[in-house]
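Each chain is listed here by its residues.
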There are 2 protein chains.
Amino acid sequence: MALIFNMTLMKLTVAQLNYHIGNFSGNKDKICKAIEKAKTAGSDLIVFSELCIPGYPPLDLLDRIEFIEQCNKTVLEIAGECTGITAIVGSPTLNKRAEGKKLFNSALVLSEGKIIFSANKALLPTYDIFDEYRYFEPEKQFSVFLFKGLKLAITICEDLWDEQPFDNEFEKTRLYTVSPMEELIKQDPDIIINIAASPFSYTKIEAKENIFISKATKYKIPVISVNQTGGQTELIFDGASILVNEKGKVFNQLPFFEEAIETYSFESIKSGSIKNETKSDPVPLIHKALVTGLGDYFTKSGIKNSIIGLSGGIDSALCLCLAVDALGNDNVRALLMPSRYSSDHSVKDAVALAVSLGVRYDIINIEKPFKAFEEDLSTVFRGKERDVTEENIQARIRAILLMAISNKYGCIVLNTSNKSEAAVGYGTLYGDMAGGLSVIGDVYKTDVYRLAAYINRDSEIIPENIIKKLPSAELRPDQFDTDSLPDYNLLDSILYQYIELQKPASRIIMEGSDKDTVLKVIRMIDFNEYKRYQAPPVLRISSKAFGAGRRMPLVARY
Amino acid sequence: MALIFNMTLMKLTVAQLNYHIGNFSGNKDKICKAIEKAKTAGSDLIVFSELCIPGYPPLDLLDRIEFIEQCNKTVLEIAGECTGITAIVGSPTLNKRAEGKKLFNSALVLSEGKIIFSANKALLPTYDIFDEYRYFEPEKQFSVFLFKGLKLAITICEDLWDEQPFDNEFEKTRLYTVSPMEELIKQDPDIIINIAASPFSYTKIEAKENIFISKATKYKIPVISVNQTGGQTELIFDGASILVNEKGKVFNQLPFFEEAIETYSFESIKSGSIKNETKSDPVPLIHKALVTGLGDYFTKSGIKNSIIGLSGGIDSALCLCLAVDALGNDNVRALLMPSRYSSDHSVKDAVALAVSLGVRYDIINIEKPFKAFEEDLSTVFRGKERDVTEENIQARIRAILLMAISNKYGCIVLNTSNKSEAAVGYGTLYGDMAGGLSVIGDVYKTDVYRLAAYINRDSEIIPENIIKKLPSAELRPDQFDTDSLPDYNLLDSILYQYIELQKPASRIIMEGSDKDTVLKVIRMIDFNEYKRYQAPPVLRISSKAFGAGRRMPLVARY
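Position numbers for residues start from 1 in each chain and track the written sequence from start to end. For naming, the first written chain is A and the first written ligand is 1, with later ones following in the order written. Reporting in this predicted model follows two pLDDT cut-offs: at least 70 for local features of residues, and 80 or more for side-chain atom pairs to be given and counted; totals over whole chains, interfaces and linings ignore these cut-offs and use all residues.

### Here we look at the environment of Ala38(B)
Residue and element names in this part refer to chain B.
At step 1: Starting at the N terminus, helices and strands are each numbered in turn, a helix being any DSSP run of H or I of at least four residues and a strand any DSSP run of E of at least two. Looking at where Ala 38 falls in the secondary structure, it is placed in helix H2 (residues 24–40).
At step 2: On the basis of neighbour count, Ala 38 is assigned to the buried category, with 26 C-beta atoms found within 10 Å.
At step 3: Distance in space between the C-alpha atoms of Ala 38 and Ile 85 is 8.3 Å, their sequence separation being 47 residues.
At step 4: Here contacts are defined at the residue level, using C-beta atoms placed from the backbone and a cut-off of 7 Å between them. Other than its neighbours up to four places away in sequence, Ala 38 contacts Thr 13, Ser 43, Ile 46, Ile 85 and Thr 263. Exposure is read from a count of other C-beta atoms within 10 Å of each residue's own; the residue is exposed at 12 or fewer, buried at 20 or more and partly exposed in between. C-beta atoms are placed from the backbone.

### Focus: the interface of chain A and chain B
At step 1: The interface is formed by 80 residues belonging to chain A together with 79 residues belonging to chain B.
At step 2: Sorting the residues of the side of chain A that touches chain B by element identifies helix H3 (65–81), helix H7 (282–301), helix H10 (367–377), helix H11 (388–409) and helix H19 (529–533) of chain A as the ones contributing at least two each.
At step 3: No other element matches the 12 residues that H11(A) contributes to the side of chain A that touches chain B.
At step 4: Residue polarity is assigned by list, with Asp, Glu, Lys and Arg as charged and Ala, Val, Leu, Ile, Met, Phe, Trp, Tyr, Cys and Pro as nonpolar; anything else, Gly included, falls into the polar class. Class assignment for the residues of the side of chain A that touches chain B results in 41 nonpolar, 16 polar and 23 charged.

### Notes on the relation of the copies chain A and chain B
At step 1: The copies were overlaid by least squares, fitting only the C-alpha atoms of residues that reach a pLDDT of 70 or more in each copy. For the pair chain A and chain B, the superposition axis carries a translation of 0.0 Å, the fit reaches an RMSD of 0.0 Å, and the rotation angle comes to 180°. Such values leave the two copies arranged in the relation of a two-fold axis. For chain A, the minimum C-alpha distance to the rotation axis belongs to Gln534(A) and amounts to 2.2 Å.
At step 2: Both copies share a contact surface, since 99% of the interface residues of chain A are interface residues in chain B too.

### Comments concerning the domain arrangement of chain A
You'll often see interface size given as the accessible area lost when the parts meet.
Residues and elements named next belong to chain A.
At step 1: An automatic or database domain assignment supplies the start and end points of every domain. Along its sequence, chain A is organised into domain 1 (2–278) and domain 2 (285–480).
At step 2: Distance from the C-alpha centre of domain 1 to the C-alpha centre of domain 2: 40 Å.
At step 3: Contacts between domain 1 and domain 2 engage 10 residues on the former and nine residues on the latter.
At step 4: Elements with a contribution of two residues or more to the side of domain 1 that touches domain 2: strand E10 (229–232) and strand E11 (235–238).
At step 5: Split by residue class, the side of domain 1 that touches domain 2 holds five nonpolar, four polar and one charged.

### Some words on the sheet that holds strand E2 (residues 45–47) of chain A
Residues and elements named next belong to chain A.
At step 1: If DSSP finds at least two bridges between two strands, the strands pair. One open sheet accounts for six strands, arranged E5-E4-E3-E2-E1-E14; its pairing is mixed. With partners counted over all chains shown, the strands left at the sheet margins are strand E5 (114–120) and strand E14 (260–265), one partner each. Neighbour-to-neighbour, the strand axes of the sheet open up by a mean angle of 30°, direction not taken into account.
At step 2: The pairing of strand E4 (residues 103–111) with E5 spans six bridges and is classified as antiparallel. Note that in E5 the partner of Leu 108 across the bridge is Ser 118.
At step 3: H3 rests against strand E3 (86–94), E4 and E5 of the sheet, and its axis sits at about 165° to E3. Only the stretch in contact is used when a helix axis is fitted, and all axes are lines through C-alpha atoms; the angle between N-to-C directions ranges over 0 to 180 degrees.

### Comments concerning the pairing of E11(A)
The side chains of a regular strand alternate between both faces of the sheet.
Residue and element names in this part refer to chain A.
At step 1: Residues Leu 235 and Phe 237 line one face of E11 and the alternating positions Ile 236 and Asp 238 line the opposite face, and both faces are buried.
At step 2: Judged from the four bridges that link them, E10 and E11 form a sheet pairing that is antiparallel. Note on E11: the bridge partner recorded for Gly 231 is Ile 236.

### Quick word on the sheet that holds strand E17 (residues 360–363) of chain B
Residues and elements named next belong to chain B.
At step 1: The strand order across the open sheet built from five strands is E17-E16-E15-E18-E19, with neighbouring strands paired in parallel fashion. A single partner strand is all that each edge strand has here, and the edge strands are E17 and strand E19 (437–438).
At step 2: The strands touched by helix H11 (residues 388–409) within the sheet are strand E15 (306–309), strand E16 (332–336) and strand E18 (412–415), with E15 carrying the most contacts at an inclination of about 165°.

Below, the structure is given as structure tokens:
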């Protein structure tokens, strides 16, 4: 009887928060406030996300003994706040066994000043942007935690992902030789708690939900997965913590990209269902992801102001809108840098946008330094034709101007290159590839248009002329992107198959794309690894962004 | 009797080669030529290094099914050349089990057109620059290979490193819960074969030797470890393949940073000793490492020419000497870019060096573009003091000039920043931090002087004045490095403790360094992660270089 009594009365709080890596006092304050709130709501158990104590991913800070000591200290301080309530937090803990990696990635159960139970992560994602086996020993033993008559199967993120779909068909769906839930189910748990740190990818929204639904369905017990939210350099965690009932129906889902603290009765989670089923268009989510990632990059760096080179083209226009959404128009300034090759509409359109967004803008024509460079290089370049060199000089002069204002006024230059350009190397290193953060470097050009249309959904924020004009770098007379690149629809389709799906060229061709175009595009991608090596961090919204999740040798011949 | 007969007669060839990642036909040709040479020498068995088929490290090329198919195809072609001889090569192979990572990192024994045995790597280094668990499933079963009456324990690199010292005392010396040799020894092997891909680090020379010596001593059988040589982007493999006899004495060691193919009788390896014991000064090895890494970056990129900005300081002077050694003076050009702040000796010393090395040089004064920028920015900067902004503009003008010549003449800009500067952020992003490859970005300033002295060991190649002058960026009047930084001896000592040894600040201070200086230096290191994120690849000579082996969050507060 006691068991049923408790199960009915028990209340559980899900705390979906935005942590700051290494900011122990900040993270602790957030966690303690959530505990207070849960106490007020009469909650028995509050669940936080994976590695919430240091923030995720702490990367090589985990190699520092003093960092781990700080984690331990913070955990115990939080345990002291757990009076009359129990909390589950994520933290690295020392592996006290003689052999193996020095740390575990742990879920710690805290109550009345103490750690009363711990579960360690068994499945350590080590692919794409994940490097967990770099730091952690995989756990091989599993036990449920008995809490007020309920058996909790406490798992950590990937622990539930023993079967998962990959975009690259070459990967195995069963990536691990162990299944934590197959072990835990032998102990007859009543509920699966999953503490997670799972970054957003617009192609994975449904797949992620399905992981939790499939476990609830298979084991006929509810699943509660608590994710963190917010940007951590390039990664954007979507929150979207999910509660699935014992029938495999979604009971509720917390908002995307927002903090949320919600309390439910165990009974309602077990069999209820309150989520409105709406299949989501990814574009608004991508928009919210980018605004979140951009905003948090500034907040967590402690820097308020940004500057964008505004060309009159759609990429920089989109970035300006995102920056204004994330930082407020007072914290964004634009610099227009026309040249002898700029068309009249470039400046006009850029000014119109800046004015409509209420953003301060300056105009500096780059002719003077461009001429100075031309004169200075004339001897060294004697007898040589004009070529891409002179185009790059213009792009680099613009970077100098942006960086100068950045240095003088303490603002971060936002990079406005898109993923299609970055892929084929259609950009100048130390020129338009410069910046502290790449805002749309994981957004294909065709999706840039979709985002612009979304921004203009109610009113014309981005002038129609910016959206309609043919894309051009304006680095020589009458230049258009299509002079060097295939049509963006075709280009993006090839890029997606090669980069995200990792299909061989032969298969992309077999499935219908033009052979010469495919081979040319792939050559451009491979050849330009060296440029991307030095690119700024890219806000990641896809399953395969350029940056830490994609590691290619530079001097390979392949 | 048969067994003893074979053991006495058996001959074994060690092939220490320089592979090119993804260049299957090139690697195959090299391997086949070595097989021919071994046949001529009457060898029974030839041993190549880890992942010699694709070259090491292939990184995310391993995620491509067609890359693995190409590996398989090449292996079988090589097996066809193994007539009357057996070869051990390293290649990725498919994991045909239902679960786990899709690949194994394998040693394959080839004979008469077939793969007759395979051993898979069990210990997968996943720390520093290594990411092997990203791709490979660890093997859990072990068996010796019976070859002409001899039992071979075939292991792959880290398989012998179940106990190892780490620079960071926080790491466990027993990093793995399995010891392949403890399993294999139960089958009573006669010899340990180890195929390796182990990059150079000047602090690890002895530790590496000791790993093999300790295994031979412990198991009382000889150890043969075959390493690759040559540069792979930032990594420089030293070769130095080693043969240790059954008494734990080094029988022989192949040269550092050179290809070598040597044949020995098993009997001589077993009990002989021909190595001259000379404890090596690391400086000549670092010199050879850098020349190797630099040269291979160009060879493997298919680019011949380089350009260096020559300031008259010691860093660029050292880089010029290394480039001339690696590429030949015809393939190196220098650009001198004095400013209104340059001292007379800067140009004079730089010219003297270029002349003495027979390197083409040009001089372009940066005053004209500098003035143009000052004028163009005067409105935006009205009322603001001069500060680091104007210094950065000069550094960035120089990058534009170097990149312009690079673009026009198809040469790679060599970056000349040293590790001390890179650590504390004493450099300009897109300015002196630009370049295709950082030559001395893993060399502390105090070691820059040691390398310069080594270059001048027989005659004054680098003018003494360059070595003796006080380090200065010359970006404002009478500027010296010591205005902003501690003395380099002190700075480098703190940097080494914090970066390589990963000691906490508190311990560095406790052990005798000045508290304020330590805290200031560490703040500078941490603050400048964002700059290093966009730095070129750095030739790695230490146990902890900036780049892929050191992964820090950018927006952490710690």
